[in-house]
Amino acid sequence: MATLTLIESITEHLEFLGYTIEKKEKSSYARHPNHDDISFMDFAGGVLHTSRWLIGSEAKADPLVLLQWVNGLNGAAGASRYYLDDANDMVIEGWFPTDYERVGYGRFIDAWN
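The rules we used
Residues numbered from 1 in each chain as written. Predicted model: local features only at pLDDT ≥ 70, side-chain atom pairs only at ≥ 80, totals over all residues. Heavy atoms only, no water. Patch = residues over 30% accessible without salt bridge, like charges linked within 9 Å, V, L, I, M, F, W, Y side chains within 5 Å. Areas by Shrake-Rupley, 256 points an atom, 1.4 Å probe, with all protein chains shown as cover. Salt bridge = Lys/Arg side-chain N within 4 Å of Asp/Glu carboxyl O. Helix = DSSP H or I, 4+ residues; strand = E, 2+ residues; numbered from the N terminus. Buried < 20%, exposed > 50% of the residue type's maximum accessible area, 1.4 Å probe, protein only. Arc of directions from axis to C-beta. Contact = heavy atoms within 4.5 Å. Pairing = 2+ DSSP bridges. Axes fitted to C-alpha atoms, helices over the stretch in contact; angles between N-to-C directions.

### Structural notes on a nonpolar patch on the surface
Residues Met41, Phe43 and Trp95 make up a contiguous nonpolar surface patch of about 290 Å² in total accessible area. Locating Trp95 in the fold gives a position in strand β6 (residues 90-96). With relative accessibility at 40%, the residue Trp95 sits in the partly exposed group.

Written out as structure tokens, the structure reads:
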């Protein structure tokens, strides 16, 4: 039996959880009807997971409140970091280390969602 790569193991796990996976050249995209879409790719010896939230113009109109909200999310985050991109839309990132283990990745993705 061949050993799966980390990306292959994560892909199988996400498919088991009901995500539909689309593979691209450098990353893969996971879509789920009840959770945010996730892109994931090899990064720094593990896998970087990324989601994006588009922020409405009303929320962008008050940058201080927007930054306070982002800071609050970071303060409560256990498996991710939140920041604003150049367009002031939200980027959420989480890194999973090299060794895939089903229960450990399950905890990571539960914390992510």
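Structure's up, so let's keep going.
### Details of helix α4 (residues 102-112)
All of the buried residues in α4 are Tyr105, Gly106, Phe108, Ile109 and Trp112. In an axial view of α4, the angular spread of the buried residues amounts to 160 degrees, which keeps them on one side of the axis. In α4, the exposed residues that point more than 90 degrees away from the buried face are Arg107 and Asp110. Tucked into the core, α4 has its buried residues touching α1 (6-16), β3 (38-43), β4 (46-53) and β6.

### Structural notes on the environment of Met41
Residue position: Met41 is located in strand β3. Residues Met41 and Ser28, 13 residues apart in the sequence, show an inter-C-alpha distance of 6.4 Å. Filtering out sequence-adjacent residues up to four positions away, Met41 remains in contact with Ile7, Lys26, Ser27, Gly46, Val47 and Leu48.

### Some remarks on the sheet that holds β3
Spatially, six strands are ordered β1-β2-β3-β4-β6-β5 in an open sheet, and the strand pairing comes out antiparallel. The open sheet has two edge strands with one neighbour each: β1 (20-23) and β5 (81-84). Strand-to-strand twist in this sheet, taken as the mean axis angle between neighbours without regard to direction, amounts to 25 degrees. Across seven bridges, the pairing between β4 and β6 is antiparallel. Bridge pairing links Val47 to Phe96 in β6. Along the sheet, α4 contacts β3, β4 and β6; its crossing angle with β6, the most-contacted strand, is approximately 165 degrees.

Purely spatial values, then, with no claim about function.
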